[in-house]
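Chain residues, written in single-letter form:
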Amino acid sequence: VQPHVAVFGEKDGQQLRIIRRMVRDLRFPVEIVPGPTVREPDGLAQSSRNQYLTPEQRPQAVCLRRALDEAERRFAAGERDPQKLVAAMRAVIEKQPAAKIDYVALVDDETLQPLAGPIVRPALAALAVWVGQPRLIDNAVLRP
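The structure displayed is predicted, hence computed values, not measured ones. (Residues numbered from 1 in each chain as written. Predicted model: local features only at pLDDT ≥ 70, side-chain atom pairs only at ≥ 80, totals over all residues. Heavy atoms only, no water.)

S.K.: For the environment of L136, give the residues involved together with the corresponding values.
M.R.: Turning to its location among the elements, L136 is positioned in strand β5 (residues 135-142). Residue classification places L136 among the buried residues on the basis of a relative accessible area of 4%. Between the C-alpha atom of L136 and that of A99, which follows or precedes it by 37 residues, the distance is 9.8 Å. When neighbours within four sequence positions are excluded, L136 is seen to be in contact with L44, R49, N50, L53, A61, L64, L127, A128, V129 and V131. (Helix = DSSP H or I, 4+ residues; strand = E, 2+ residues; numbered from the N terminus. Buried < 20%, exposed > 50% of the residue type's maximum accessible area, 1.4 Å probe, protein only. Contact = heavy atoms within 4.5 Å.)

Have a look at this one:
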């Protein structure tokens, strides 16, 4: 199969960036089209894994979106220190008893390399959090 277009969801930000890079580096003749993350009314990214959340865990799972919202709010207010933004996201998630962080990262939006200094280029805020049984992911791009 040699498709001309392939759609990858923005919900898995790392996967989308790796596929884009692979297509570019290997010169595959395919256009990668990002599909926007579809969200529930409360902001939780839609996922088949959400069905495994208990009624008690479901409202706690929204902490992923709230953590990203907090990073976006602080970034808009001028915060450019990746460590402070990661700490702010972690603090939001850690308030939920059912949430166990796998990772909270702020990386270069293109290379996915960890950020050592102030954010001067687009950065990807990426989260993976266990909420009970399911491991949920979400992300947001911070653009200076």
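That shown, we press on.
S.K.: Give a detailed account of the pairing of strand β1 (residues 5-9), specifying residues and quantitative values.
M.R.: Bridging between β1 and strand β2 (residues 31-35) involves five bridges; their strand directions are parallel. Paired with F8 across the two strands is P34, which belongs to β2. Considered for its hand, the β-α-β crossover made up of β1, helix α1 (residues 13-25) and β2 is right-handed. (Pairing = 2+ DSSP bridges. Right-handed = clockwise from strand over helix to strand, strands pointing away.)

S.K.: Break down the sheet that holds β5 for me, citing the residues and quoting the values.
M.R.: Pairing within the open sheet is antiparallel, and its three strands lie in the order β3-β4-β5. Of all the strands in the sheet, the pair left with one neighbour each is β3 (99-108) and β5. In this sheet, neighbouring strand axes are inclined to one another by 15° on average, regardless of whether the strands run parallel or antiparallel. In this fold α1 packs onto β3, β4 (123-131) and β5, with an angle of close to 135° to the strand it touches most, β4. (Axes fitted to C-alpha atoms, helices over the stretch in contact; angles between N-to-C directions.)

S.K.: Before we move on, can you summarise the pattern of salt bridges with the specific residues and values?
M.R.: Enumeration over the complete set of coordinates arrives at 13 salt bridges. Its salt-bridge partner being R39, residue D138 comes within 2.8 Å of it at the nearest N-O pair. One end of the pair, D138, is in strand β5; the other, R39, is in the loop between β2 and α2 (57-60), and 99 residues separate them in sequence. When salt bridges with common partners are traced through the structure, they connect R21, R24, D25 and E110 into a single cluster. (Salt bridge = Lys/Arg side-chain N within 4 Å of Asp/Glu carboxyl O.)

S.K.: If you had to explain the packing of helix α3 (residues 63-76) against helix α4 (residues 82-94) to someone new, which residues and values would you point to?
M.R.: At a closest axis distance of 8 Å, the pairing of α3 and α4 adopts a crossing angle of 150°. α4 is crossed by α3, and the crossing has right-handed handedness. In contact with C63, R66, A67, L68, E70, A71, R74 and F75 of α3, α4 contributes L85, A88, M89, V92 and I93. Its residues assigned to classes, the contact of α3 with α4 comprises 10 nonpolar, no polar and three charged. (Left-handed = near helix turned anticlockwise from the far one by under 90°. Nonpolar A, V, L, I, M, F, W, Y, C, P; charged D, E, K, R; others polar.)

S.K.: I'd like to hear about unusual backbone geometry, residue by residue, with values.
M.R.: Working note: non-glycine residues mostly have negative phi, and peptide bonds are mostly trans. For R27, which is not glycine, the phi torsion reads 55° and is therefore positive. Although it is not a glycine, L112 sits at a positive phi angle of roughly 65°. If you trace the backbone, L112 turns up in the loop between β3 and β4.

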